[in-house]
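# Chain and residue survey
Take a look at the letters that make up each chain.
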Amino acid sequence: MSSTVIDDKPVTPCLLLDVDRMTRNIQTLEARLKDLGTPLRPHVKTCKSIEIARRMMASDSPGITVSTLAEAEYFFGHGIDDQLYAVGIAPGKLDRIARLYRNGLALKLTLDNSDAAGRLGEAAARLDCAFSVLLEIDADGQRGGFRPDDPALLEAAGLVTDAGCGVLGVMTHMGASYDCRDARCLERAAERERDAVVSAADRLRTAGFEAPVVSVGSTPTATFVRNLEGVTEVRAGTHVFMDLFMAGLGVCTTDDIAISVLTEIIGYRGNAGEWLVDAGWMALSRDRGTASQTVDCGYGLVCQESGEVIEDIFVRATSQEHGILARRDGEPITPDRFQVGQRLRILPNHACATAAQHAGYWLVGEDLAGGRFWPRMHGW
Ligand SMILES: Cc1ncc(COP(=O)(O)O)c(C=O)c1O
């Protein structure tokens, strides 16, 4: 990464990782799940980094969760051989997955409809590969999956076992938790998430399928859940960095957000009372998730280079390589407030989306174990 460093300073815009905050976030969720007696299967789609994934895995973690086959291959290459691919399977990927099986990674797959179960069965016969499958349960009506009482759930389980493949159990992801406005809503979302998979697992077991795995998870539900009876693992990924969207939900505070984009001031737009920085949407992402929340953070919240939040200023707008800083109250920012060449940090709306714009993490903080730059993997 030498081209991104000049005089030992990373070239802006670049992604900073506060290792101390990250460590605290990991430990907070780990302690919470330990109290509830259920292990974490961390989702590594947020970090896409072996250095970070290893830190996210607790001593009792069964393995990791991935969202792409490129992640599965990368993390397997780094020795992690228990992985759940938590996206409904597209039949066109099964040849590549069978290759992973032959090489020693029995990737756990997610199946969310009966048609896909039929296609999986055909591929299992053609490729002579006994895939292991979790059936996805739709807990909130927002994405794929079988409703817990759907007759198609048992039909799909039958198609899987008839093809010589294994039904490991059930999984769900409560996307509706991201729409909550208060703690009570988040607690209820976590309850509904648990109820949906536990009742689906009961149906499968009553019908004669073993279904040992009952998997739930998102950062909001993992943070607010009170009872995990019947659940065998929890998945969460965003908790490792947190972000403004999670802060808006009440899952964390801005002091917990471990990644930020380092940027440099380009100039002052005197007519508008706004400052320009060199972080546009290519560095921050186009994610505007906080627009639907009580506090709209624009494209990110502005901090001093030291990390201290500048409460009244946010990134109002972006173009590809420009960010426009404005005051929240619409008043002009005065020309003496900043200076050209000054460095600032921007906290992201959505950690996964912002991190995805960068080749890796520049480490900041007290605990700088293992070098200054950690690369990320990319692609599908
Ligand atoms: C299937 C699945 N599991 C777990 C997660 C992790 O949730 P979070 O990003 O809130 O930690 C996600 C996130 O999208 C997901 O899709």
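Attention in this report is confined to the structure presented alongside it. (Residues numbered from 1 in each chain as written. Predicted model: local features only at pLDDT ≥ 70, side-chain atom pairs only at ≥ 80, totals over all residues. Heavy atoms only, no water.)

## Examining the site of the ligand
- For the ligand, the set of nearby residues contains 16 residues, the closest of which are Lys 45, Tyr 178, Thr 219, Gly 237 and Thr 238.
- Note that an oxygen atom of the ligand is positioned 2.5 Å from one of the side-chain N or O atoms of Tyr 178.
- A distance of 2.6 Å separates an oxygen atom of the ligand from a polar side-chain atom of Thr 238.
- Relative to its unbound accessible area of 380 Å², the ligand is 92% covered by the protein chains.
- In the shell around the ligand, the residues fall into six nonpolar, seven polar and three charged. (Near = heavy atom within 4 Å. Polar contact = N/O pair within 3.5 Å; in protein donor to acceptor, adjacent residues only side chain to side chain. Areas by Shrake-Rupley, 256 points an atom, 1.4 Å probe, with all protein chains shown as cover. Nonpolar A, V, L, I, M, F, W, Y, C, P; charged D, E, K, R; others polar.)

## Description of the nonpolar core
- In this structure, Leu 107, Phe 131, Leu 135, Phe 241 and Tyr 361 are the most contacted members of the largest nonpolar core, which totals 116 residues.
- Among the elements that line this core, the one with the most residues is helix H7 (residues 183-206), at nine residues.
- Residue contributions to this core reach at least three from each of two domains, namely domain 1 (37-239) and domain 2 (258-375).
- Of all hydrophobic cores here, the second largest spans six residues; its members include Ala 86, Leu 134, Leu 168 and Met 171. (Core = buried A, V, L, I, M, F, W, Y, C linked by side-chain atoms within 4.5 Å. Buried < 20%, exposed > 50% of the residue type's maximum accessible area, 1.4 Å probe, protein only. Helix = DSSP H or I, 4+ residues; strand = E, 2+ residues; numbered from the N terminus. Domains from an automatic or database assignment.)

## A short note on the state of the cysteines
- Counting across every chain of the model gives one disulfide.
- Between the sulfur atoms of Cys 180 and its disulfide mate Cys 185 the distance is 2.1 Å. For the disulfide bridge between Cys 180 and Cys 185, the dihedral angle about the S-S bond is near -70°, and by the sign convention the bridge is left-handed.
- Of all cysteine sulfurs, the one in Cys 165 lies closest to Cys 129, which takes part in no disulfide; the gap is 7.1 Å. (Disulfide = S-S within 2.5 Å.)

## Quick look at the packing of helix H5 (residues 114-127) against helix H6 (residues 151-162)
- H6 packs onto H5 with a crossing angle of 5° between their chain directions and a minimal axis gap of 9 Å. One element, H5, and the other, H6, form an angle in the roughly parallel class. Across the interface between the two elements, Ser 114, Ala 117, Gly 118 and Leu 120 of H5 pack against Ala 152, Glu 155, Ala 156, Leu 159 and Val 160 of H6.
- Of the residues contributing to the contact of H5 with H6, the split by class is six nonpolar, two polar and one charged. (Axes fitted to C-alpha atoms, helices over the stretch in contact; angles between N-to-C directions. Parallel < 35°, antiparallel > 145°, perpendicular 65-115°, else oblique. Contact = heavy atoms within 4.5 Å.)

## Overview of H5
- Across its 14 residues, H5 extends 20 Å between first and last C-alpha, which sits within 8% of the 20 Å expected from 1.5 Å per residue.
- Taken together, the buried positions of H5 are occupied by Ser 114, Ala 116, Ala 117, Leu 120, Gly 121, Ala 123, Ala 124 and Leu 127.
- Along its buried surface, H5 packs onto helix H4 (94-103), strand S6 (108-111), strand S7 (132-136) and H6.
- One side-chain oxygen at the N-terminal end of H5 lies 3.1 Å from the backbone nitrogen of Asp 115; it belongs to Asn 113.
- Downstream of H5 by one or two residues, Asp 128 has phi in the positive range, about 55°. (Expected span 1.5 Å × (residues − 1).)

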